[in-house]
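Next come the chains, spelled out residue by residue.
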Amino acid sequence: MKPKNQRLVLALLALVAIIGAGFLALAGLRDNAALFRTPAELAANPVEPGRDIRLGGMVAANSIREASDGVTIDFIVEEGEARVPVRFTGIAPDLFRESSGVVAEGAFDRRGTFIAHTILAKHDENYMPPQMADMETRDERLQRTLER
Amino acid sequence: MHAFANPARFLGIARPLTPWLGWGGAALIVGALVPGLTVTPPDAVQGESARIMYVHVPAAWLGMAGWGGILVASLVQLIWRHPLAGVAARAIAVPGAAFTAICLVTGSLWGRPTWGTWWEWDGRMTSMLVLLFLYFGYIALAAASDERASTSRVAAIFGVLGAINLPIIHYSVTWWNSLHQPQSIGLTSSSIDAALLWPLLVATAGFSLLFGAIVLMRMRAMIADIRVEARLRRMAEA
């Protein structure tokens, strides 16, 4: 074998080994690299009250309730059948709205309500002009969310 | 491929190509950003802040494509010992790092009004920050090597190893739940409406041409540097 071809084979073997190592590392990271836990994951693996975690999912339609103090809101984060009630006191980002993604940081209280101290809004991958969004009914948007 | 191993031949093509890429890229960037920032509609949900994607997405693409270029050049250097491959990889590193930094900064500026945070250690953001540090590492390694002409073997191996981060960046939003949204543009489809998409594509093409011009300029400067050194050495020996 010519030295050039020998180097080519060595480089290819090295590439395969690197990619293999990368995938092994990723498989190990799989659970730890997730930014948040979803309601369904929490239903399968409950977290004890008081432990700080991030909860992520969709804000359920018609679930946002404002408390009388004006800064506290209650809403429900859902993922399929699983639902988690959340309470947050503070200013939520502009994009925080119903039927849209959210990531909440906080902990469960003893009654199973998630007390959030920080709320982040998730944006989805859809970009469109305002006129088009008006034409689109909410059902269509919901449909697309479910398909995803 | 070795036709371009001769620097004179390479320079004969690179020299006239540089202004075409540079000015062509600049024209496309202006042609995309001016309407993109003034004429095209805002996004229905995010409003005006979505326009930052006309810089953010090309910067992200070039940050990743830059390391892809380093990977290819490093393999060519290691396998075929092409004399210009190491020069090309080194020329890519600095603009690649710059565009990665632009991507991180614009993403952070967009994240504050959209998500409500400047920074979150989510998979996409963390892996992109790792890419920036990989660039810094590559630049330092290449600068530290004694073999100026074709860069060190160590830098080339680092360039190949670092490429494992590219699929991680790409799939970070698919594999792990993350704050960053999933991919908008696929090979055949796009969930960005056409009215917002065309400035994005034109800007991406424009920044890519500009990137090419910067890389060619840096390669020419490095080759000139090598020649000066060789001449000085000959004069010192004579």
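The rules behind each value
Residues numbered from 1 in each chain as written. Chains lettered and ligands numbered in written order. Predicted model: local features only at pLDDT ≥ 70, side-chain atom pairs only at ≥ 80, totals over all residues. Heavy atoms only, no water. Contact = heavy atoms within 4.5 Å. Buried area = accessible area lost by both parts, 1.4 Å probe. Salt bridge = Lys/Arg side-chain N within 4 Å of Asp/Glu carboxyl O. Polar contact = N/O pair within 3.5 Å; in protein donor to acceptor, adjacent residues only side chain to side chain. Helix = DSSP H or I, 4+ residues; strand = E, 2+ residues; numbered from the N terminus. Nonpolar A, V, L, I, M, F, W, Y, C, P; charged D, E, K, R; others polar. Phe/Tyr/Trp six-rings, centres within 6.5 Å; stacked < 30°, edge-to-face > 60°.

**Here we look at the interface of chain B and chain A**
Each side of the interface is counted separately: chain B has 41 residues, and chain A has 37 residues. Both faces considered, chain B and chain A share a buried interface measuring about 3,400 Å² in area, 65% of it formed by carbon and sulfur atoms. Among the residues chain B hides against chain A, the three largest losses belong to Ile79(B), Trp176(B) and Asn177(B). Together they make up 18% of the total. Here chain B is connected to chain A by one salt bridge. When the shortest N-O distance is used, the salt bridge between Glu120(B) and Arg54(A) registers 3.0 Å. Counting the contacts that link chain B with chain A gives 15 residue pairs in polar contact (both at pLDDT 80 or more). Mapped by element, the contributors of at least two residues to the side of chain B that touches chain A are α2 (53-80), α3 (85-114), α5 (153-162), α6 (165-175) and α7 (194-237) of chain B. Here the side of chain B that touches chain A takes six residues from α2(B), the largest share from any one element. Across the side of chain B that touches chain A, the residue classes tally to 25 nonpolar, eleven polar and five charged.

**What about the packing of aromatic side chains?**
As enumerated under the stated definition, the model contains twelve aromatic pairs over all chains in all. The structure contains a cluster of three or more aromatic residues connected by ring pairs, namely Trp67(B), Tyr135(B), Tyr138(B) and Phe158(B).

**Observations concerning the pattern of salt bridges**
Tallied over the entire structure, the rule returns six salt bridges over all chains. Salt-bridge contacts for Arg83(A) lead to Glu78(A); the nearest nitrogen and oxygen are separated by 3.0 Å. Here the salt bridges do not stand alone but share partners, grouping Arg54(A), Glu105(A) and Glu120(B) into one network.

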